[in-house]
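For reference, the chains in residue letters:
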Amino acid sequence: MTNEPASVVLRNVFRSYGDPSQPIHALRDVSLDLRRREFTAIMGPSGSGKSTLMNVVAGLDDITSGEIWVDGNPIGSLDDEARTVLRRRHIGFVFQSFNLIPTLTAQENINLPFVLAGTRLDAQTRYWIAHLVRSLGLDERLDHLPAELSGGQQQRVAIVRALAMRPTIILADEPTGALDTRTSREVLALLTTAVREYGQGIAMVTHDPVAASYADRVIMLADGQITGEYRGLGAREISELLIGLQGVSA
Ligand SMILES: Nc1ncnc2c1ncn2[C@@H]1O[C@H](COP(=O)(O)OP(=O)(O)OP(=O)(O)O)[C@@H](O)[C@H]1O
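Quick caveat: nothing in here was measured; it's all calculated off a predicted structure. (Residues numbered from 1 in each chain as written. Predicted model: local features only at pLDDT ≥ 70, side-chain atom pairs only at ≥ 80, totals over all residues. Heavy atoms only, no water.)

The subject of this paragraph is the nonpolar core. Ile129, Val160, Ile202 and Met204 are the most contacted members of the largest nonpolar core, which has 47 residues in total. For this core, the leading source of residues is helix H5 (residues 151-164), giving 7 residues. The contacts of Val160, once residues within four sequence positions are left out, are Ile110, Ile129, Leu132, Val133, Leu136 and Leu138. Core analysis: the next-biggest nonpolar cluster, separate from the first, contains 24 residues, Val13, Ile91, Ala203 and Leu221 among them. (Core = buried A, V, L, I, M, F, W, Y, C linked by side-chain atoms within 4.5 Å. Buried < 20%, exposed > 50% of the residue type's maximum accessible area, 1.4 Å probe, protein only. Helix = DSSP H or I, 4+ residues; strand = E, 2+ residues; numbered from the N terminus. Contact = heavy atoms within 4.5 Å.)

Next up on the list: the environment of Val157. Within the secondary structure, Val157 sits in helix H5. Taking the relative accessible area as the measure of exposure, Val157 reaches 1% and is therefore buried. Taking the C-alpha atoms as reference points, Val157 and Leu136, 21 residues apart in sequence, are found 8.6 Å from one another. Sequence-distant contacts of Val157, that is, excluding residues within four places in its chain, are made with Leu100, Ala106, Asn109, Ile110, Leu138 and Leu149.

Before going further, it helps to spend a moment on the side chain of Ser16. You can see Ser16 is positioned in strand S1 (residues 6-17). Within the local environment of Ser16, its side chain forms a polar contact with the side chain of His25, the two groups lying 3.0 Å apart. Every residue in contact with Ser16, bar those within four places of it in the chain, is listed here: Pro23, Ile24, His25 and Thr64. (Polar contact = N/O pair within 3.5 Å; in protein donor to acceptor, adjacent residues only side chain to side chain.)

A pair of packed helices is captured by two measures, namely the crossing angle of their axes and the spacing between those axes. For the pair helix H4 (residues 123-135) and H5, the least separation of the axes is 10 Å and the interaxial angle reads 150°. If you check the angle between H4 and H5, you find them roughly antiparallel. Every pair of crossing elements has a handedness; the one defined by H4 and H5 is right-handed. Facing Thr125, Trp128, Ile129, Leu132 and Val133 of H4, the residues of H5 in contact are Val160, Leu163 and Ala164. Residues of the contact of H4 with H5, tallied by class, amount to 7 nonpolar, 1 polar and no charged. (Axes fitted to C-alpha atoms, helices over the stretch in contact; angles between N-to-C directions. Parallel < 35°, antiparallel > 145°, perpendicular 65-115°, else oblique. Left-handed = near helix turned anticlockwise from the far one by under 90°. Nonpolar A, V, L, I, M, F, W, Y, C, P; charged D, E, K, R; others polar.)

Taken as a whole, this structure holds 2 aromatic pairs when the rule is applied. Centroid distance Phe93 to Phe95: 5.8 Å. Interplanar angle 5°. Geometry classified as stacked. The class of Phe95 is partly exposed, set by a relative accessible area of 28%. On the basis of an interplanar angle of 80° and a centroid distance of 4.8 Å, the ring pair of Trp128 and Tyr198 is categorised as edge-to-face. Taken as a pair, Trp128 in helix H4 and Tyr198 in the loop between helix H6 (181-196) and strand S8 (201-205) lie far apart in primary sequence, 70 residues in all. Its guanidinium or amino end placed over the ring of Trp128, Arg166 lies 4.0 Å from that ring's centre, counting from NZ or CZ. (Phe/Tyr/Trp six-rings, centres within 6.5 Å; stacked < 30°, edge-to-face > 60°. Lys NZ or Arg CZ within 6 Å of the ring centre and 35° of its normal.)

As for its placement among the helices and strands, Thr40 is situated in strand S3 (residues 39-43). Among the residues examined, Thr40 registers a relative accessible area of 1% and is labelled buried. Sequence separation between Thr40 and Ser77 is 37 residues; the distance between their C-alpha atoms is 26 Å. Setting aside anything within four residues of it in sequence, one finds Thr40 in contact with Leu34, Ile202, Ala203, Met204, Ala215, Arg217 and Ile219. Side chain to side chain, Thr40 and Arg217 meet in a polar contact 3.0 Å long.

Purely spatial values, then, with no claim about function.
Right, here's the structure in full:
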């Protein structure tokens, strides 16, 4: 556990779908803190609520009841415009599918969050981005379109883009899902560096116990509920926990 105050706070969050008389609870009574300098893996069987959890933190989906604060802002009470601003300033995204704009170069993709947020790229930010680009070995690739980059390079561009604005939290949804084993390990090492050296907070959904073993803690979800929070587990122990949960949300 870090000494950082929680930057994302969920309290008694419910998200239900369907007929209110027979609701499907995608999230039930979830309370969770996410902090800077902490790498959290979110795991659980298919349908356990992982994507819903990411979507409600990002303000992309409404909650049925409970509270969510992002950097002290109650995301559920904000209108769409205020939510969008909050999301652009405080949340970075890394997806399995990289989500780069195909017609923009790597550099333009990296700058995009600033363009969308209407934030000027000051000298300090340019220096920070140049530092990230250099440490990720992307210097020679900045003028390339995504289609001209390997999967690993595309994911590195997406990670620079997510880190560039120094968001409160990076939400990573299966960030290594489309990568080969070696490139996956590189991307995971990079995310770990972002946490250790840059003080970034990361919440990563993954099905892969090896990927989860890079995190500081693992949150297990089953049937919309947090069933456990674990620290210091290896891939093998995480696999065993997952096997134990498979029956719960089938
Ligand atoms: N828009 C929706 N309408 C109705 N039910 C939904 C909707 N979105 C999600 N659900 C239900 O909520 C539950 C949680 O779904 P969610 O996508 O969060 O699970 P998940 O853990 O991310 O699954 P996976 O690992 O397969 O991606 C599931 O039962 C799902 O069917």
